[in-house]
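Next come the chains, spelled out residue by residue.
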Amino acid sequence: MTDRIGADGPVGDLDQTRAARVAPLARGEGGLAREASPVPTGDRIDISAQAVCIHRARLAVAAAPETRPALVERLQREIADGTYRVDSRALAARLLPVLFPDRFSH
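Residues numbered from 1 in each chain as written. Predicted model: local features only at pLDDT ≥ 70, side-chain atom pairs only at ≥ 80, totals over all residues. Heavy atoms only, no water.

(A) Here's a closer look at the overall build of the protein chain. Across its full length, the protein chain holds four helices and zero strands. Along the chain direction, N to C, the helices and strands of the protein chain fall in the order α-α-α-α. Each of the 106 residues in the protein chain was classed as buried or not, and the buried ones make up 5%. For the protein chain, the exposed area adds up to about 10,200 Å²; of that, 57% sits on carbon and sulfur atoms. (Helix = DSSP H or I, 4+ residues; strand = E, 2+ residues; numbered from the N terminus. Buried < 20%, exposed > 50% of the residue type's maximum accessible area, 1.4 Å probe, protein only. Areas by Shrake-Rupley, 256 points an atom, 1.4 Å probe, with all protein chains shown as cover.)

Structure, rendered in structure tokens:
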């Protein structure tokens, strides 16, 4: 059996029960001398900036094509022809900041 959470499900029933218990207290009934605290009107969620960045990154990755066919074809052709060359300086420039971020920060 699956319980559905919603206004008419178990959570909605709990909210109605709670409201029925708190309402007399808020009106000063029930024999309590102290003032009742206000009933929360809704739920709240805080999302960190890091979580927002991660979400945006995932959306960007999901929207990007999985492969770039033109690039793949060119690289396959260059490898097959023996003309593919790695630019070692460009490779190092991109790899060193990843390996040593404290020394090679941008």
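(B) Looking closely at helix 2 (residues 49–63). For helix 2, spanning 15 residues, the distance from its first C-alpha to its last is 21 Å, which sits close to the expected 21 Å at 1.5 Å a residue. Little of helix 2 is tucked away, with zero of its 15 residues classed as buried. (Expected span 1.5 Å × (residues − 1).)

(C) A look at the pattern of salt bridges. If you walk through the whole model with that rule in mind, you get two salt bridges. Linking Asp46 and Arg44 is a salt bridge whose minimum nitrogen-to-oxygen distance equals 3.2 Å. Neither residue differs from the other here; Asp46 and Arg44 are each classed as exposed. Glu78 is the partner of Arg74 in a salt bridge, and the nearest nitrogen-oxygen pair spans 2.9 Å. Residue Arg74 and its partner Glu78 are both found in helix 3 (residues 69–81); the two are separated by four residues, about one turn of the helix. (Salt bridge = Lys/Arg side-chain N within 4 Å of Asp/Glu carboxyl O.)

(D) Molecular detail of the packing of aromatic side chains. Enumeration over the complete set of coordinates arrives at one aromatic pair. Between Phe100 and Phe104, the ring centres sit 6.5 Å apart and the planes meet at 55°, which makes this aromatic pair tilted. Of the residues examined, Phe100 reaches a relative accessible area of 35% and is grouped as partly exposed. The ring of Phe100 carries the charged tip of Arg103 above its face, separated from the ring centre by 5.7 Å. (Phe/Tyr/Trp six-rings, centres within 6.5 Å; stacked < 30°, edge-to-face > 60°. Lys NZ or Arg CZ within 6 Å of the ring centre and 35° of its normal.)

(E) Inspection of a nonpolar patch on the surface at higher detail. A cluster of nonpolar side chains, namely Ile79, Tyr84, Val86, Leu91, Leu95, Leu96, Leu99, Phe100 and Phe104, defines an oily patch on the protein surface of about 810 Å² accessible area. The greatest single-element share of the nonpolar patch, amounting to four residues, is contributed by helix 4 (residues 88–99). When you line up the elements, Leu96 lands in helix 4. (Patch = residues over 30% accessible without salt bridge, like charges linked within 9 Å, V, L, I, M, F, W, Y side chains within 5 Å.)

Note that every value here comes from positions in space, so none of it alone points to a role or purpose.
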